[in-house]
Amino acid sequence: MIKLILVMLIGLCAFAAKGNKIISLEQAISIAQENDPWLHGSRLQQQAVENLTVASGALPDPKITIGMMNLPTDSWDFGQEGMTQFKVGVSQVFPRGDSLEIKQSQLKLASTKFPLLRADRQAKLKSKVSELWLDAYLAQTTIELIENNWALFEQMAEMATASYANAIGKTRQQDVIRAQLEIVQLEDRLSVEKQKFDIAIARLNEWLHIFDERDLNRGFNFDLQPLEFKVSKALPALRIKHPTLLDASRYSRRDLAKELANHPALRVIDVKQKVSEKGIALAKQEYKPQWSVNASYGYRDNVSSAGSGFAQSRADLFSVGVTFDLPLFTENRQDKQLAAAVAESEAVKTEKLLLIKQMMSVVEKELRQLKRLTQRQSIYQQQLLKQTHEQAEAALTAYTNDDGDFSEVVSARIAELNTRISALQIDVEALKTVARINYFLIQSSAKRHSGSDQAINARPLGDK
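Being a predicted model, the structure only gives us computed values, none of them experimental. (Residues numbered from 1 in each chain as written. Predicted model: local features only at pLDDT ≥ 70, side-chain atom pairs only at ≥ 80, totals over all residues. Heavy atoms only, no water.)

## A word on the overall build of the protein
Argument step 1. The helix and strand inventory of the protein stands at 11 helices and 10 strands.
Argument step 2. Sorting the 464 residues of the protein into buried and exposed places 39% on the buried side.
Argument step 3. A sequence separation of at least 24 residues applies to 82% of the contacts in the protein between residues at least 6 apart.
Argument step 4. Summed over its atoms, the accessible surface of the protein is roughly 26600 Å², and 55% of this surface lies on carbon and sulfur atoms. (Helix = DSSP H or I, 4+ residues; strand = E, 2+ residues; numbered from the N terminus. Buried < 20%, exposed > 50% of the residue type's maximum accessible area, 1.4 Å probe, protein only. Contact = heavy atoms within 4.5 Å. Areas by Shrake-Rupley, 256 points an atom, 1.4 Å probe, with all protein chains shown as cover.)

## Quick word on the environment of Ser111
Argument step 1. Counting through the fold element by element, Ser111 comes out in helix α4 (residues 99–111).
Argument step 2. Judged by its relative accessible area of 7%, Ser111 is buried.
Argument step 3. With 64 residues separating them in the primary sequence, Ser111 and Gln47 have C-alpha atoms 8.2 Å apart.
Argument step 4. Dropping the residues within four chain positions of it, Ser111 is found in contact with Gln46, Val49 and Glu50.
Argument step 5. Only 2.6 Å separates the side chain of Ser111 from the backbone oxygen of Lys108, close enough to count as a polar contact. (Polar contact = N/O pair within 3.5 Å; in protein donor to acceptor, adjacent residues only side chain to side chain.)

## A word on the environment of Glu50
Argument step 1. Tracing the backbone shows Glu50 in helix α3 (residues 37–56).
Argument step 2. Judged by relative accessible area, which is 37%, Glu50 ranks as partly exposed.

## Let's talk about the packing of aromatic side chains
Argument step 1. The final tally for this structure, using the stated rule, is four aromatic pairs.
Argument step 2. For the cation-ring pair, Lys113 lies above Phe114, with the distance from its terminal atom to the ring centre recorded as 5.5 Å. (Phe/Tyr/Trp six-rings, centres within 6.5 Å; stacked < 30°, edge-to-face > 60°. Lys NZ or Arg CZ within 6 Å of the ring centre and 35° of its normal.)

## Structural notes on the pairing of strand β3 (residues 85–94)
Argument step 1. As defined by bridge partners, strand β2 (residues 63–69) adjoins β3 across seven bridges and the pair is classed as antiparallel. For Ile64, the partnering residue across the bridge sits in β3 and is Val90. (Pairing = 2+ DSSP bridges.)

## Brief notes about helix α11 (residues 406–440)
Argument step 1. The first and last C-alpha atoms of α11 sit 52 Å apart over 35 residues, in line with the 51 Å expected at 1.5 Å per residue.
Argument step 2. Along α11, 28 of the 35 residues are buried, which leaves the element largely enclosed by surrounding structure. (Expected span 1.5 Å × (residues − 1).)

## Quick notes on unusual backbone geometry
Glycine aside, residues mostly have negative phi angles, and peptide bonds mostly take the trans form.
Argument step 1. Positive phi values are uncommon outside glycine, yet Asn70 reaches one of about 55°.
Argument step 2. Summarising the element assignment, Asn70 is placed in the loop between β2 and β3.
Argument step 3. Even without being glycine, His242 reaches a positive phi, approximately 55°.
Argument step 4. In this structure, His242 sits in the loop between β5 (238–240) and α7 (243–246).

## Points about the sheet that holds β2
Argument step 1. Here four strands make up an open sheet; going across it, the order is β2-β3-β6-β9 and the pairing antiparallel. With partners counted over all chains shown, the strands left at the sheet margins are β2 and β9 (317–324), one partner each. Averaged over all neighbouring strand pairs, the angle between strand axes comes to 15°, with direction disregarded. (Axes fitted to C-alpha atoms, helices over the stretch in contact; angles between N-to-C directions.)

## Some thoughts on helix α10 (residues 334–400)
Argument step 1. Taking 1.5 Å per residue, 67 residues should reach 99 Å; α10 reaches 94 Å between its end C-alpha atoms and fits that length.
Argument step 2. One or two positions beyond α10, positive phi appears at Asp402, with a value near 55°.

## Focus on the nonpolar core
Argument step 1. In this structure, Ile23, Trp133, Leu246, Leu256 and Leu260 are the most contacted members of the largest nonpolar core, which totals 75 residues.
Argument step 2. Element by element, the count of residues in this core is highest for α11, at 18 residues.
Argument step 3. Residues in contact with Leu260, not counting those within four places in the same chain, are Leu266, Ile356, Met359, Met360 and Phe440.
Argument step 4. Counting residues in each nonpolar core, the second largest holds five residues, with Ala110, Val268, Val271 and Val275 among its members. (Core = buried A, V, L, I, M, F, W, Y, C linked by side-chain atoms within 4.5 Å.)

## Focus: the side chain of Thr388
Argument step 1. Looking at where Thr388 falls in the secondary structure, it is placed in helix α10.
Argument step 2. For Thr388, the contacting residues outside a window of four places in its chain are Ala412, Ala415, Glu416 and Thr419.

## Some words on the packing of α4 against helix α9 (residues 264–284)
Argument step 1. Contact geometry for α4 and α9: axes closest at 9 Å, N-to-C directions at 170°. Accordingly, the angle class assigned to the pair α4 and α9 is roughly antiparallel. Side by side, α4 and α9 meet where Ser99, Ile102, Lys103, Ser105, Gln106, Leu109 and Ala110 of the first sit next to Val271, Lys274, Val275, Lys278, Gly279, Ala281 and Leu282 of the second.
Argument step 2. When the residues that make up the contact of α4 with α9 are grouped by side-chain class, the tally is seven nonpolar, four polar and three charged. (Parallel < 35°, antiparallel > 145°, perpendicular 65-115°, else oblique. Nonpolar A, V, L, I, M, F, W, Y, C, P; charged D, E, K, R; others polar.)

## Quick notes on the packing of α3 against α4
Argument step 1. Put simply, α3 and α4 touch, their axes get as near as 8 Å, and they point 170° apart. The angle between α3 and α4 falls in the class roughly antiparallel. Between α3 and α4, the residues in contact are Gln46, Val49, Glu50, Leu52, Thr53, Val54 and Ser56 and Leu100, Lys103, Gln104, Leu107, Lys108 and Ser111, respectively.

## Details of the pattern of salt bridges
Argument step 1. Under the counting rule described, the total for this entry stands at 19 salt bridges.
Argument step 2. Across the salt bridge formed by Lys349 and Glu346, the nearest N and O atoms sit 3.2 Å from each other. You can see Lys349 and its partner Glu346 sitting in helix α10, three residues apart, about one turn around the helix.
Argument step 3. Take Lys349: its relative accessible area is 44%, and that puts it in the partly exposed class.
Argument step 4. Classification of Glu346 as partly exposed rests on a relative accessible area of 41%.
Argument step 5. Three or more residues joined by partner-sharing salt bridges are found here, namely Glu131, Asp135, Lys365, Glu366, Glu429, Lys432 and Arg436. (Salt bridge = Lys/Arg side-chain N within 4 Å of Asp/Glu carboxyl O.)

## Notes on the side chain of Gln106
Argument step 1. With respect to the helices, strands and loops of the structure, Gln106 is situated in helix α4.
Argument step 2. Gln106 sits in the buried class, given a relative accessible area of 18%.
Argument step 3. Not counting residues within four places of it along the chain, the set of residues in contact with Gln106 comprises Val275, Lys278, Gly279 and Leu282.

## Some remarks on the confidence of the model for the protein
Argument step 1. On average, residues of the protein score 82 in pLDDT, and 81% of them are at 70 or above.
Argument step 2. Here residues 1–19 is modelled with pLDDT under 50, and outside its nearest four sequence neighbours on either side it reaches 28 contacts, counting other chains as well. (pLDDT = per-residue confidence, 0-100.)

See the structure below:
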């Protein structure tokens, strides 16, 4: 609880401080995981199942019967007839075989899925919030790149206008128009990126709302959280979990399948499988008889003999009995119930196989994408960024010395800006890919692999 309060205070300070509306990726993930109403609801559902587990182990309530038996209708006199009696009875039903123990064990097993579901939910939150945060970072940094180059394009437009007005050099009217057009297009591009940033922040806001499980009504006060904030300028270095497992030189699909088998989502299916096996055992109990015990006490009043004036004493009556059914005709009920339970259990096995195949396919797809993105990162870092910058500088030098064309200067500057934005997009997409891969490598229990994590590092904004 103390941890929850601290996280909430950090989140509120991050959002409410007027001079510091900046949130890092780590803060976003922490706030999202600690303030997810779904997790609170899951804990309540687990409590409900645990309470039902205790209740399912209890015998059915005994039944009490109270009645008047054989009361004469001519006089309604309780002492007129010897058969008349006041009867009190009790009966108790005992479930078939070990049905109670099996039902209790089945519910106890079912309750173990909730911690796994919460672990899966937190892993999904981490992946989802990471992608949304990175989308916001991409748009925010792209805006910064465009704004940093804005002054340069304005200077180029002013230079072209002054050169054309003074009839100096080779500046033509179309060069002036081209420079002005590029500024307009840059302005439109800036508006598009601001739109992307606003959308990313709005989507990220969904997961950053402060939730207090002690005061549920407070969660509906959405004015506590500002709509506008920024993400930090530092791009984090996300690391692939268990890199030795995914190393191309030692990659084994069998080893990956074993690793994925410990994923919370697959462990939930394991729990479901065990619950279904208990369902088979429960169906087999239907072949056993259901017993019930009943006992009753009948009170009889003294009966007056006709004309004698004396009351004849009557003994009270006590009855006890046992009732049970005989499951003799099982073909259309018990046999079918057992067959249905077995088929359901087998179907769960196919569900696990389908999910693990899907997970492996997604992981392998993401790994291939990460490989190509890493190759592109290398090309941009080692060649394209440096070459486009040198080309832009060379074009400007040539134009300044009346040995180049103004359109080449503009094209070179645009190419440099586009290259830097493309490099940024590749960096961000690589990190998003790592976040998606790490979701599948989350473990429901502590398992460690040798080898250091493989880091996907971001290039500083100013690098060429």
